[in-house]
Amino acid sequence: MADRVDEIQHEWRRERPDIDTSPQGVIGRMHRLGGLLMTELETVYAQHGLSQGEFDVLMTLRRAGAPYERTPSELASRTMVTSGATSKRVDRLERAGLVARRRSEGDGRGRVVGLTDAGVELADTAFTDHMANEHRLLEGVPDGDRAALARILGAWLERVDPDGPRAT
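Residues numbered from 1 in each chain as written. Predicted model: local features only at pLDDT ≥ 70, side-chain atom pairs only at ≥ 80, totals over all residues. Heavy atoms only, no water.

A. Fine view of helix H4 (residues 72-79). Turning to H4, its buried residues are Leu75, Ala76 and Thr79. Buried positions in H4, seen along its axis, are confined to an arc of 95° and lie on one side of it. The inward-facing, buried residues of H4 abut helix H3 (52-62), strand E1 (69-70), helix H5 (83-95) and strand E3 (111-115). Positive phi appears at Met80, one or two residues downstream of H4, with a value of about 60°. (Buried < 20%, exposed > 50% of the residue type's maximum accessible area, 1.4 Å probe, protein only. Helix = DSSP H or I, 4+ residues; strand = E, 2+ residues; numbered from the N terminus. Arc of directions from axis to C-beta. Contact = heavy atoms within 4.5 Å.)

B. Local environment of a nonpolar patch on the surface. Residues Val26, Ile27, Met30, Leu149 and Leu153 make up a contiguous nonpolar surface patch of roughly 410 Å² in combined accessible area. Counting only elements with at least two residues in the nonpolar patch, the list comes to helix H2 (22-47) and helix H7 (143-160). Ranked by the residues each element gives to the nonpolar patch, the list is headed by H2, at 3 residues. Structurally, Leu153 can be placed in helix H7. For Leu153, a relative accessible area of 36% puts it in the partly exposed group. (Patch = residues over 30% accessible without salt bridge, like charges linked within 9 Å, V, L, I, M, F, W, Y side chains within 5 Å. Areas by Shrake-Rupley, 256 points an atom, 1.4 Å probe, with all protein chains shown as cover. Salt bridge = Lys/Arg side-chain N within 4 Å of Asp/Glu carboxyl O.)

C. Broad picture of the packing of H3 against helix H6 (residues 117-137). As a packed pair, H3 and H6 sit with axes 10 Å apart at the nearest point and diverge in direction by 105°. In terms of axis orientation, H3 runs roughly perpendicular to H6. The residues of H6 that touch H3, namely those facing Phe55, Leu58, Met59 and Arg62, are Val120, Leu122, Ala123, Asp124, Ala126, Phe127 and His130. Tallied by class, the residues present in the contact of H3 with H6 amount to 8 nonpolar, 1 polar and 2 charged. (Axes fitted to C-alpha atoms, helices over the stretch in contact; angles between N-to-C directions. Parallel < 35°, antiparallel > 145°, perpendicular 65-115°, else oblique. Nonpolar A, V, L, I, M, F, W, Y, C, P; charged D, E, K, R; others polar.)

D. Spotlight on the domain arrangement of the chain. Here the domain parsing of the chain yields domain 1 (1-48) and domain 2 (50-160). Put simply, the middle of domain 1 and the middle of domain 2, counted by C-alpha atoms, are 28 Å apart. With 12 residues of domain 1 at the contact, the number on the domain 2 side is 15 residues. Both sides together, the interface formed by domain 1 and domain 2 hides about 1100 Å², and carbon and sulfur atoms give 71% of it. Scanning the region where domain 1 abuts domain 2 turns up 1 salt bridge. In this structure, Arg136 and Glu40 form a salt bridge, with 2.6 Å as the shortest nitrogen-oxygen distance. Counting across the domain 1 and domain 2 interface gives 6 residue pairs in polar contact (both at pLDDT 80 or more). (Domains from an automatic or database assignment. Buried area = accessible area lost by both parts, 1.4 Å probe. Polar contact = N/O pair within 3.5 Å; in protein donor to acceptor, adjacent residues only side chain to side chain.)

E. Molecular detail of the pattern of salt bridges. Scanning all chains against the criterion turns up 11 salt bridges. Because the salt bridges share partners, they merge into one network encompassing Asp3, Asp6 and Arg29.

F. Fine view of unusual backbone geometry. Residue Ala66 is joined to Pro67 through a cis peptide bond whose omega torsion reads 10°. On the secondary structure map, Pro67 appears in the loop between H3 and E1. Although it is not a glycine, Tyr68 adopts a positive phi angle of roughly 60°. Checked against the element boundaries, Tyr68 lands in the loop between H3 and E1.

And the structure:
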């Protein structure tokens, strides 16, 4: 069954037979799939009143374990955005009563960001719904194919990710 990527490749083979367009078969489909998946993921975030970035901050704090705190620099590093973007996300979450900032006990000049009780509750509910959505999105993909995709994509990401592999 031909898709839009097949059509694009066919047109390029006709117009530029001197260029190997086979990477489009992978990259083009991944690009299209990524956009479609992000739309589906953002729908669940929005059901909880969150943007993708806010969801990311909540989940980063929640998976830190009790007391669900990290420094602003840890948040920026683990969410892979600038400290300015992290600060804006934390500001919005703080206004919503989901996180609180406080002085670090170990370093009086430092700050930590932590989930409030409402933040923990929302994080747990949103994560449950998020994982149900991801399972739904993978319906029809056999377990063996899922494992192969995870392995292949992981190896590829390790090669192209400028930050390299992390043990987090």
